[in-house]
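Residues per chain, in single letters:
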Amino acid sequence: LIHFYKRSKVMLAKARLAEVLRRRSSEFIKLGRSASTLPANDDQFDFLSSFDIKAHQARYGNPQEVWVESLETVQPNFTGIRQLHQDVFAVYPRIDLIHKNVVWQTTYSKVNYAHAKTVREMIHYFGGGAKPWPQKRMGRARHGSIRSPQWKDGGKAHGPRGPKSFYHMIPYHTRVFGLTHTLTVKFIQDDIHVVKDLEIPTDDPDFIHEIISSRGWGKSTLVVDKDDIFPRNITAATDQIKHVNLMPLYGLNVLSMLKHHTLILTESAVEELTKKILFALNRTDSYARTGLSHCGPKPVDLKIEKHRPVV
Amino acid sequence: RMSGVREKALQYLREVPRLTHGNIRNLPGTRTPKKRGYGQNGKERGWGASARQKLHFGPLGYESGSTPIQRKTAFERSYNYGIHSVRQFPPLSLYQLQLAIDTNRLDVTKPIDMAALCGTGVFFLDPSKNQFGFNLSSDGMDLFKAKVHLEVQWADEQAIAAVERNGGKITTSYYDIHSVIAASDAFKFLKSGQPIPRRLTPPGNLLEYYINPANRGYLADPVMVEKEKEVLAQKYGYSISDKLDDRLLSFKKDPRQIFYGLEPGWIVSVQDKTIYKPKEADVKQIYTT
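To keep things clear, this report deals only with the structure shown in the data block. (Residues numbered from 1 in each chain as written. Chains lettered and ligands numbered in written order. Predicted model: local features only at pLDDT ≥ 70, side-chain atom pairs only at ≥ 80, totals over all residues. Heavy atoms only, no water.)

### A short note on the overall build of chain B
Spelled out, the test is: Strands here mean DSSP runs of E at least two residues long; helices mean DSSP runs of H or I at least four residues long; both are numbered from the N terminus. We compute the radius of gyration over the C-alpha atoms and compare it with the globule rule, which gives 2.2 Å times the number of residues raised to the power 0.38. Burial status follows relative accessibility: with a 1.4 Å probe on protein chains alone, a residue under 20% of its type maximum counts as buried, one over 50% as exposed, and anything between as partly exposed. Two residues qualify as a contact provided that any one of their heavy atoms is within 4.5 Å of a heavy atom in the partner residue.
Helix and strand counts for chain B stand at 11 helices and 7 strands. Its C-alpha atoms give chain B a radius of gyration of 29 Å, clearly above 19 Å, the size a compact globule of 289 residues would have. A principal-axis box enclosing the C-alpha atoms of chain B has dimensions of 90 × 60 × 50 Å. Burial statistics for chain B: of 289 residues in total, 39% are counted as buried. Within chain B, contacts between residues separated by at least 24 positions form 59% of all contacts whose residues are at least 6 apart in sequence.

Spelled out as structure tokens, the structure:
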């Protein structure tokens, strides 16, 4: 009996989980073609860099317009007006798509480590495989081990079994729509402000507090720029303020946009964001891209010998 | 302001409180309660344990749970009997073609063949479903205005007439299944590192179609094809006034060729921007004859 319990089921479950996570998480570690080792400007399959945004100007409906502000002064300071693309900032709002994205963001990295030991595992770790007393003539109930479920300190019959991962991917276009619909909601509720750049005169945190109060921005602010290196002053000023956060464009996500009341976008961020989203909405390799989300990246198979065509 | 459902929805959003993590939800009906077991109504599932309880017999033909013989056996063949062995040519209408040209999906200054059509990302061919190419149908022939150099795998008479009326050129040519695999997803094929195969001649029951000049077959006599053009123009009452540019007319495909500008036997590496060609004479001969 004892040699049968030597195989550790918990360790097996953990190894299985690690393998599953390693295989499935390759999707969000390295998106894209696994055969591509060249930099982006040499990569022949990098379709985003050759995307022509002029072919996708909105031809119907009224363009959305937004003030372009400046952060040089505390007082509101408008330097111009900018037009925003409708497919990014004025779509028919679908709250359920936003909800799907938020649920995905909060649960995809969740692991439930609850693990209740079964009778065999309890015996393996704590003993009790022997019959506690003879079957008959004892005047006591009949038992096979002191670790069965009805006993104190016994195993659990149908308990949680091992670490359980909640990793899953929602489809590519659902994630793209999550961004567009959240941006639409934020824009229409007057929570988006476009700024020329992020140059501020001082690195004093009070300057930021004054700007927020004078301009009527919300309690929490998310500042998004195209690159991930921000000007010195704003970095120093917002460093101590926990509710004003700086984020590069590649980190833009639905949950952050909902958590922060106000969204500040620089003009360069708006341009790059529009280009990337229009590319995502109009790409001709959608079929392959959704397959990538669903199945993960496939290594390029050289089929020279396996699939020799009829000559 | 334009009025519409979208505008109304956005206007509504302006009046409600700010959208946050706490006031969003999924569509009603998304969450369905988890169905649990039968509980104390399990085990016999209503069919009784004793003779007194087993007094109902179920519907006609019921066989105590196993699939009854009248469901297992069918009177007719399945609807798609033999579909795996039938060669399919999914339709491509002239309307779709005109729309793709008008929306800049297709370039009229270049020849349009299977690789170009599948490369748009809106027309699909699945070789695993025995799809051997596109069948140009005449749906939308009155709207068709483009002047194209077109190569499809099947075309009906009116579609041919619609293309030639505008001064275009249409050819029907046969692609065997490996050539379809190559041309229907060109990038995927080029990434796989195979040498470009040569196109095979049509099988027996299709040879007649591609030799016939009335179908503008690629194996037909060009002189007969010109005659058939005139016949068709007279039949449908149009005159061929302006023709394609010389530049476009110069694009000709060998019967063994899949891609314009690439010959069978070559290996193309798009990433390295190089083409590898066979040197040995016998290998060259295999691919070119």
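### Observations concerning a positive patch on the surface
As a reminder, the rule being used: Candidate patch residues must exceed 30% relative accessible area and have no salt bridge, after which like charges are joined if within 9 Å and Val, Leu, Ile, Met, Phe, Trp or Tyr side chains if within 5 Å. Per-residue and other accessible areas follow the Shrake-Rupley method at a 1.4 Å probe size, with only the shown protein chains counted as cover for residues. Basic side-chain nitrogens of Lys or Arg form a salt bridge, by our definition, when they fall within 4 Å of a carboxyl oxygen of Asp or Glu. Only four residue types enter the tally: Lys and Arg on the positive side, Asp and Glu on the negative side; His and the chain ends are excluded. Where a charge lies is defined by one atom per residue type: Lys uses NZ, Arg uses CZ, Asp uses CG and Glu uses CD.
On the surface, A:Lys110, A:Lys164, B:Lys34 and B:Arg36 cluster together into a patch of positive charge. Of note, B:Lys34 is situated in the loop between α1 (5-15) and α2 (69-72). Overall, the relative accessible area of 78% leaves B:Lys34 in the exposed class.

### Some details on the layout of surface pockets
Empty space among the atoms can be located by rolling a probe the size of a water molecule over them. Residue and element names in this part refer to chain B. Keep this limit in mind: Throughout, the protein atoms alone are placed on a 1 Å grid, and a set of points is a cavity if a 1.4 Å probe fits but cannot get out or a pocket if it is open with protein on both sides within 12 Å along at least five of seven lines; lining residues have an atom within 4 Å of a point. Grid points are joined across faces, edges and corners, and a volume is the space filled by probe spheres set on the points. Any residue that is not Ala, Val, Leu, Ile, Met, Phe, Trp, Tyr, Cys, Pro, Asp, Glu, Lys or Arg is counted as polar, Gly included; the first ten are nonpolar and the last four charged.
When its volume is computed, the second largest pocket comes out at roughly 630 Å³. Lining the second largest pocket we find 28 residues, and of these Lys169, Ile170, Thr171, Val225 and Lys252 sit closest to its centre. Going through the elements one at a time, β3 (149-152), β5 (169-172) and α9 (222-236) are the ones with two or more residues in the lining of the second largest pocket. Counting residues per element, the lining of the second largest pocket draws most heavily on α9, at 4 residues. Grouping the amino acids of the lining of the second largest pocket by side-chain chemistry returns 12 nonpolar, 6 polar and 10 charged.

### Description of the packing of helix α4 (residues 95-107) of chain A against helix α6 (residues 172-188) of chain A
Residues and elements named next belong to chain A. Definition in use: Working convention: axes come from line fits to C-alpha atoms, limited for helices to the stretch in contact. Angles between N-to-C directions cover 0 to 180 degrees. Should the near helix be turned anticlockwise from the far one by less than a right angle, the crossing is left-handed, and should it be turned clockwise, the crossing is right-handed.
One way to put it is that α4 packs onto α6 with a least axis distance of 8 Å and a crossing angle of 115°. Here α4 and α6 pass one another in a crossing that is left-handed. On the side of α4, the interface is formed by Ile95, Leu97, Ile98, Lys100, Asn101 and Trp104, while α6 contributes Thr174, Arg175, Phe177, Gly178, His181, Thr182 and Val185. In terms of residue class, the contact of α4 with α6 is made up of 6 nonpolar, 5 polar and 2 charged.

### With respect to the pattern of salt bridges
With the rule as written, the count across this model stands at 18 salt bridges over all chains. The salt bridge involving A:Asp203 is made with A:Arg232; its shortest N-O contact spans 3.2 Å. One end of the pair, A:Asp203, is in the loop between β5 (192-195) and α7 (205-215); the other, A:Arg232, is in helix α8 (residues 232-239), and 29 residues separate them in sequence. Take A:Asp203: its relative accessible area is 34%, and that puts it in the partly exposed class. Across the pair B:Lys235 and B:Glu157 runs a salt bridge, and its minimum N-O distance is 3.0 Å. Taken together, the residues span a long stretch of sequence, with B:Lys235 in helix α9 and B:Glu157 in helix α5 (residues 157-165) at a distance of 78 residues. By relative accessible area, B:Lys235 is classed as exposed at 52%. Residue B:Glu157 is classed as partly exposed on the basis of its relative accessible area of 36%.

### Examining the side chain of A:Thr174
Position of A:Thr174 among the secondary structure elements: in helix α6. Not counting chain neighbours up to four residues away, the residues in contact with A:Thr174 comprise A:Leu97, A:Lys100 and A:Asn101.

### Considerations on empty space enclosed by the protein
All names here are of chain A. One pass over the structure, following the stated rule, counts 1 cavity of 30 Å³ or more. Its boundaries defined by the atoms lining it, the largest cavity holds a volume of some 90 Å³. Among the elements of the structure, α7, β6 (221-225) and α8 are those that each provide at least two residues to the lining of the largest cavity. Classifying every residue of the lining of the largest cavity gives 9 nonpolar, 2 polar and no charged.

### A closer look at the sheet that holds strand β1 (residues 91-93) of chain B
Residues and elements named next belong to chain B. Test applied: Strand pairing is defined by DSSP finding a minimum of two bridges between the two strands.
The 3 strands are arranged β1-β2-β4 in an open sheet whose pairing can be described as parallel. Looking at which strands have only one partner, the edges of the open sheet turn out to be β1 and β4 (154-155). As paired elements, β1 and strand β2 (residues 135-137) share 3 bridges and run parallel to each other. Bridging from a neighbouring strand, Leu92 pairs with Leu136 of β2. The strands touched by helix α3 (residues 94-102) are β1 and β2; relative to β1, the strand with the most contacts, the crossing angle is about 60°.

### Side note on the environment of B:Val122
Residue and element names in this part refer to chain B. As for its position among the elements, Val122 is in the loop between α4 (114-119) and β2. Judged by relative accessible area, which is 35%, Val122 ranks as partly exposed. Expressed as a C-alpha distance, the spacing of Val122 and Gln96, which sit 26 residues apart in the sequence, is 9.7 Å.

### As for the sheet that holds strand β2 (residues 78-84) of chain A
Residues and elements named next belong to chain A. Pairing is mixed in the open sheet, where 6 strands are placed in the order β2-β1-β5-β8-β6-β7. Single-partner strands in this sheet number two, and they are β2 and β7 (244-248). Averaged over neighbouring strand pairs, the angle between their axes works out to 30° when direction is ignored. Looking at chain direction, β6 and β7 are connected through 5 bridges and run parallel. Among the inter-strand pairings, Thr221 is bridged to a residue of β7, identified as Val244.

### Structural notes on the pairing of β3(B)
Residues and elements named next belong to chain B. Residues His149 and Glu151 point to one face of β3 and Leu150 and Val152 to the other, with burial holding for every one of them. Relative to β5, β3 is paired through 4 bridges, and the arrangement is parallel. Looking across to β5, one finds that Glu151 is bridged to Thr171.

### Some thoughts on the environment of B:Ser179
Residues and elements named next belong to chain B. On the secondary structure map, Ser179 appears in helix α6 (residues 177-184). Take Ser179: its relative accessible area is 0%, and that puts it in the buried class. Sequence separation between Ser179 and Asp113 is 66 residues; the distance between their C-alpha atoms is 12 Å. If near-sequence neighbours (up to four positions away) are discounted, Ser179 is found in contact with Arg198, Arg199 and Ile258.

### Here we look at the nonpolar core
For soluble globular proteins, nonpolar side chains are generally found buried alongside one another. Counted only if it meets this: The criterion is simple. A nonpolar core is a set of buried Ala, Val, Leu, Ile, Met, Phe, Trp, Tyr and Cys residues joined through side-chain atoms within 4.5 Å.
Among the nonpolar cores identified, the biggest contains 43 residues, and B:Leu97, B:Leu136, B:Leu150 and B:Phe259 are the most heavily contacted of them. If you tally residues by element for this core, the top one is α5(B), at 5 residues. Those residues in contact with B:Leu97, other than ones at most four positions away along the chain, are B:Leu92, B:Leu106, B:Leu117, B:Leu136, B:Phe144 and B:Leu150. Of all hydrophobic cores here, the second largest spans 22 residues; its members include A:Leu249, A:Met257, A:Leu263 and A:Ile277.

### Some details on the packing of aromatic side chains
Rules: Any two rings among Phe, Tyr and Trp, with Trp reduced to its six-membered ring, count as a pair given centres within 6.5 Å; such a pair is stacked if its planes are under 30 degrees apart, edge-to-face if over 60, and tilted if neither. Geometrically, a lysine NZ or arginine CZ counts as sitting over a ring once it is within 6 Å of the ring centre and also within 35 degrees of the ring normal.
Counted under the stated rule, the structure contains 18 aromatic pairs over all chains. Taking 6.0 Å as the distance between ring centres and 55° as the angle between the ring planes, the aromatic pair formed by B:Tyr174 and B:Tyr210 counts as tilted. Taken as a pair, B:Tyr174 in the loop between β5 and α6 and B:Tyr210 in helix α8 (residues 204-211) lie far apart in primary sequence, 36 residues in all. Here B:Tyr174 and B:Tyr210 have matching classes, each one buried. Through pairs of rings, three or more aromatic residues link up here, namely B:Phe89, B:Phe132, B:Trp154, B:Tyr174, B:Tyr209, B:Tyr210 and B:Tyr218. Against the face of A:Tyr125 rests A:Lys117, its NZ or CZ located 5.2 Å from the ring centre. Taking NZ or CZ as reference, B:Arg77 lies 3.9 Å from the ring centre of B:Tyr81, over its face.

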